[in-house]
Structures are given as C-alpha cells and as structure tokens.
Amino acid sequence: MADKINAVKGMNDILPASVPRIDRLPDSALWSWFEQTVRGLLARYGYQYMLTPVVEPTALFVRGLGEVTDIVEKEMYSFTDAMNGDKLTLRPEATAGIVRAMVEHNALYNGPLRLWTMGPMFRHERPQKGRYRQFHQLDVEALGFPGPDVDAELILMVRALWRELGLVEGEHVRLEINSLGQPAERQAHREALIRHFEAHAGVLDADAQRRLHSNPLRILDTKNPAMQAVVEAAPQLMDFLGDESRAHFDAVRAVLDAAGLAYRVNPRLVRGMDYYNLTVFEWVTDQLGSQGTVCGGGRYDGLIGQMGGKPAPAVGFGLGIERLLLLIQELRLPVPAAAPAAYAIVPSAAALPQVMAVLEQLRAAGVSVLQHAGGGSMKAQFKKADASGARYALVFGEDELSRGEVTVKSLREGGGEQVARSLAEVPTWAATLQSPAPNI
C-alpha cells in the first residue's frame, strides 16, 4: 500500500459528527449551525455578504497591517509567484482585502456600506488549542460611517450573536473596550511610552526591546510576568485623548449603558494591527486558557485612504470561528441536532423507482429525507433509521405500495404512532414531516 499523505500540521479537516476523530475540533454540523445563525442575524441588521480572494499582494498587508506587526514580521505565508514574479501572501486577516476591494471597485461611490464575509485565513505559527495555521473568521465591516452609533451597533450585534448561540455575556464571555484616539494623540502617547520604557530598559525582554522604537504600543500587550509592573506603570493613552476622541468614546459607552451591556474599560487594550483608531473592543473568555480572545475589532478611519482610496471612516470586527465553537463545546451548550426529518425504509429493491420519485417530491417541498441504501431486513433498516436521528420513518412496504400509500411512523414524539399517507397527494402532507408532532 502507498504511504498515507496527511494534512499540513495546523490545517484541519472539519468532518461530520459520524466520523470518529481524536481531536476536539468542531464537527461540520456544529459549523453549519453557526453559519446559518450568522447569516440570519446579519441579514436582520442589514449587512450584505461579499467574498475576497484568499491570495492577495504581499504589499497589501505590509501597508495595511504595518511592517512591524507580529503578523507581517513572523506569521504570513508569503511566496513569489513562479509565473510572473509577483510577491503574494495567503491572507492572514480579512479587513485589508475588503478595503482593497472597496477602493479597487470604487464601491463607496453611492454611499456607506455594511458588509460581512466568512472564510479561511492563514498564519504561520505554532499550532495549539484554539490557534491554527489555517483558521476561519467571520468578518463584519461598516464602511463610510463616522459616528459612534455604528461602533455600538457592531458591539451589540456580537452580543445578539452570543445570545442566539446560547452564550451568556458576563458569564461565558465579557466585553472590554478602549479608545486609541487619533494619530496625533497616539503619537504624543507613543513618545511618552518610549521615554518610560527607556527608563526601565533593564526589565524589557528581547521582544520589547525590538519594539521599543518601532511599535512601543505593542509592548503593553506583553504576557511576560516579569514586565507587568513596568507595563502597569506606563503612561495611559486615555490621558492623551482630546475632547473629540473622548466625546466619541463616551457616546459609544452611553449606547452600551442604555442597552444594559456590562463592559470593562481596559486602558491596555491595543489590538494587533496598526490601522486602528478611536474605539477598540474585545470579547474575551476564561474558558480557553491563553487563547481568551474570541472576537475583536474597532475603528480604522485612516485605512481606506492609506490604501489609495478617497478617505472614509470605517469600523469592524473579526471573530475566530474555531475558537468560538471550541468554547461552545467546552461549555457543553445545547446545539440543534443535524438530523433528517425522515428516513425512508425500502424493503424491496424493485420498489426503488417508485419510492425515489416520491422522495424527490418531498425534497422539492423542503423536507430532508435520508434514503436507506444497500438493502437489509426491516429490523436492520429501522435500526439505521433510529440511529440517524430522524423524527419519522417512511415505510414503503409491499402492502403500502399496493394501496398507493406510505406509512409514516414517529420515531421520537408520539410513542411509535403511525399513519398512512397517499402517494398521489405528497405535496399536501409533506409539511407535516417538518414538525415534531404531525397529525398522527
């Protein structure tokens, strides 16, 4: 036998629940449930779906994320295209690609847009629980809106998503917010940070020393215990904010307060990309160890102009899907079962042409039906029907077919009750299979 070829480490298969596996990754049914929940929620908020390429010019991320960010310096999958020498990168995040698309297609010509996308991202880092080389993100962006109302809308939208998924804010996840102000305010804070950390240079680790003059704000995000006292004593950006930045932040808080959403103002919250200004936020959890951030975002009013477009305000967030679904699994939250409405039991192979025509009518009416394949006794087929999770068994026995009928038997509610349905009137009774307790 030929040697097996395995997936790249840190790039995972999402498999059906019926396929045994040794890892704790979410199954495809959980994944589909999440996607359906997201699509319904975002439609209610008026956000439109879009897609961007998985591969983008490397320069897009260098310019958009910042040359001295961890992503650009250490984590991007970049390569030179052998065909034409182009320098390309597998996208490490979604915002830069969305902004590139908006600028390239002059998409904001007719006014602001609310957009979302979902798909794989790639970062070259050591795989661990909740952190993978290929991972998936939900990304939501509001482009062209300058006010704090849309900042608050996005935060409240995430809370609505938590509630639909069964997560409780304040218990399973909690909100942290901050304001990064405007570039001039950040510059004044940056200079104060450099002076502070230079005065404590002996405490800084190698990573902090490297960032001291290139990106000192990122030092505040260190996890090094030996540096926590110095970080806690560092100048806070909030003290450098002007009146307009404070008013914007206060307006976001006022909406959250009115909505009854608890949060913590975290002056050390900076996010990982250079493009943020004003509002930044994270939803974090204590259930996943060091991988505690499940959703993060904020305002990035300068990025569209930085990408060559007409300057326009923007705000958005990214949500790690694997990490969120791991949290749902960790908490053992109830998740709707992915089971067919009905399971078709076909004792005789000779009946298949007639039976399959009926099943196609049911599916056309929106009913999910799993057809037994491979023959077998009635007992064996009923066992398969029960294991499938279907609510009903459709029994196409010789006696039923001779009468032009099918027997619908309840496998869950109803205690095994059954009723005969006419094969000539499938559309009239198909909808009864969609509810747990039909007219049996």
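See the structure shown above.
Small disclaimer: the values here were computed from a predicted structure and weren't measured. (Residues numbered from 1 in each chain as written. Predicted model: local features only at pLDDT ≥ 70, side-chain atom pairs only at ≥ 80, totals over all residues. Heavy atoms only, no water.)

Peer 1: Sorry if this is basic, but what is going on with the packing of helix α1 (residues 28-45) against helix α5 (residues 148-165) here?
Peer 2: A pair of packed helices can be characterised by two numbers: the angle between their axes and the separation between those axes. At a minimum axis distance of 10 Å, the contact between α1 and α5 shows a crossing angle of 140 degrees. Classed by the angle they form, the pair α1 and α5 counts as oblique. The handedness of the crossing between α1 and α5 comes out as right-handed. Taken together, the residues of α5 that come into contact with α1 (itself represented by Trp33, Phe34, Thr37, Val38, Leu41, Leu42, Arg44 and Tyr45) are Glu153, Leu156, Met157, Ala160, Leu161, Glu164 and Leu165. Counted by class, the contact of α1 with α5 contains 11 nonpolar, 1 polar and 3 charged residues. (Axes fitted to C-alpha atoms, helices over the stretch in contact; angles between N-to-C directions. Helix = DSSP H or I, 4+ residues; strand = E, 2+ residues; numbered from the N terminus. Parallel < 35°, antiparallel > 145°, perpendicular 65-115°, else oblique. Left-handed = near helix turned anticlockwise from the far one by under 90°. Contact = heavy atoms within 4.5 Å. Nonpolar A, V, L, I, M, F, W, Y, C, P; charged D, E, K, R; others polar.)

Peer 1: Can you walk me through the sheet that holds strand β13 (residues 369-371) in this structure?
Peer 2: Hydrogen bonds between backbone atoms are what pair the strands of a sheet, whose relative direction is either parallel or antiparallel. Here we have 5 strands laid out as an open sheet, ordered β13-β12-β14-β15-β16, and mixed in their pairing. Looking at the sheet topology across the chains shown, the edges are occupied by β13 and β16 (418-422). Sheet twist, expressed as the average angle between the axes of neighbouring strands with direction ignored, equals 25 degrees. Two strands pair when backbone bridges link them, and strand β14 (residues 392-395) and strand β15 (residues 405-410) are joined in this way by 4 bridges, in the antiparallel orientation. Opposite Val395, over in β15, you have Thr407 as the bridge partner. The strands that helix α12 (residues 352-364) touches are β12 (342-345), β13 and β14; relative to β13, the one it contacts most, it runs at about 160 degrees. Helix α13 (residues 378-387) contacts β12, β14 and β15 of the sheet and is inclined by roughly 165 degrees relative to β12. (Pairing = 2+ DSSP bridges.)

Peer 1: Would you mind going over the packing of aromatic side chains with me for this structure?
Peer 2: Remark: the centre distance and the inter-plane angle together describe each pair of aromatic rings, the angle taken between the planes. Summed over the entire model, instances satisfying the criterion amount to 3 aromatic pairs. Summarising the aromatic geometry, the rings of Tyr49 and Trp116 are spaced 4.6 Å apart at their centres and angled 45 degrees between planes, so their arrangement reads as tilted. One end of the pair, Tyr49, is in strand β1 (residues 48-49); the other, Trp116, is in strand β5 (residues 113-122), with 67 residues separating them in the sequence. Ring centres 6.5 Å apart and planes at 65 degrees place the aromatic pair Phe281 and Phe317 in the edge-to-face group. Of the two residues, Phe281 sits in strand β9 (residues 277-284) while Phe317 sits in strand β11 (residues 314-320), which places them 36 residues apart along the sequence. Seen from the ring of Phe145, Arg114 lies directly overhead, with NZ or CZ sitting 4.6 Å from the centre. (Phe/Tyr/Trp six-rings, centres within 6.5 Å; stacked < 30°, edge-to-face > 60°. Lys NZ or Arg CZ within 6 Å of the ring centre and 35° of its normal.)

Peer 1: Just to check I follow, could you spell out the nonpolar core for this structure?
Peer 2: One recurring pattern in soluble globular proteins is that nonpolar side chains are buried together. The biggest cluster of nonpolar side chains holds 80 residues, and the ones touching the most others in it are Phe34, Leu138, Trp162, Leu256, Trp283 and Phe317. Considering each element in turn, this core owes the most residues, 11 residues, to α5. If near-sequence neighbours (up to four positions away) are discounted, Phe317 is found in contact with Leu138, Asp139, Val140, Glu141, Leu154, Met157, Val158, Phe281, Cys295, Gly296 and Gly297. Judged by nonpolar contacts, the second largest core, of 22 residues, contains Ala351, Leu394, Phe396 and Trp429. (Core = buried A, V, L, I, M, F, W, Y, C linked by side-chain atoms within 4.5 Å. Buried < 20%, exposed > 50% of the residue type's maximum accessible area, 1.4 Å probe, protein only.)

Peer 1: I'm lost on helix α11 (residues 321-330) in this one. Help?
Peer 2: Every α-helix carries 3.6 residues per turn, so stepping three or four residues along brings you back to the same face. Burial runs high along α11: 8 of the 10 residues are buried. Every buried residue belonging to α11 is among Ile321, Glu322, Arg323, Leu324, Leu325, Leu326, Leu327 and Ile328, and all of these are buried. In this fold, the buried residues of α11 make contact with α1, β5, β6 (134-143), α5, β10 (293-299) and β11. Arg332 sits one or two residues past α11 and shows a positive phi near 55 degrees.

Peer 1: What should I look at first to understand the environment of Val158 in this one?
Peer 2: On the secondary structure map, Val158 appears in helix α5. Here the alpha-carbon distance between Val158 and Cys295, two residues 137 residues apart in the chain, equals 8.4 Å. Residues contacting Val158, with those up to four places away along its chain left out, are Trp283, Cys295 and Phe317.

Peer 1: Honestly, the sheet that holds β10 in this entry has me stumped. Any pointers?
Peer 2: In space, the 8 strands of this open sheet follow the order β1-β5-β6-β11-β10-β9-β7-β8, with mixed pairing throughout. Edge positions in the sheet fall to β1 and β8 (264-265), since each of these pairs with one other strand and no more. The pairing of β1 with β5 spans 2 bridges and is parallel. Each residue of the ladder has a partner; that of Gln48, found in β5, is Leu115. Along the sheet, helix α9 (residues 243-258) contacts β7 (174-179), β8, β9 and β10; its crossing angle with β7, the most-contacted strand, is approximately 160 degrees.

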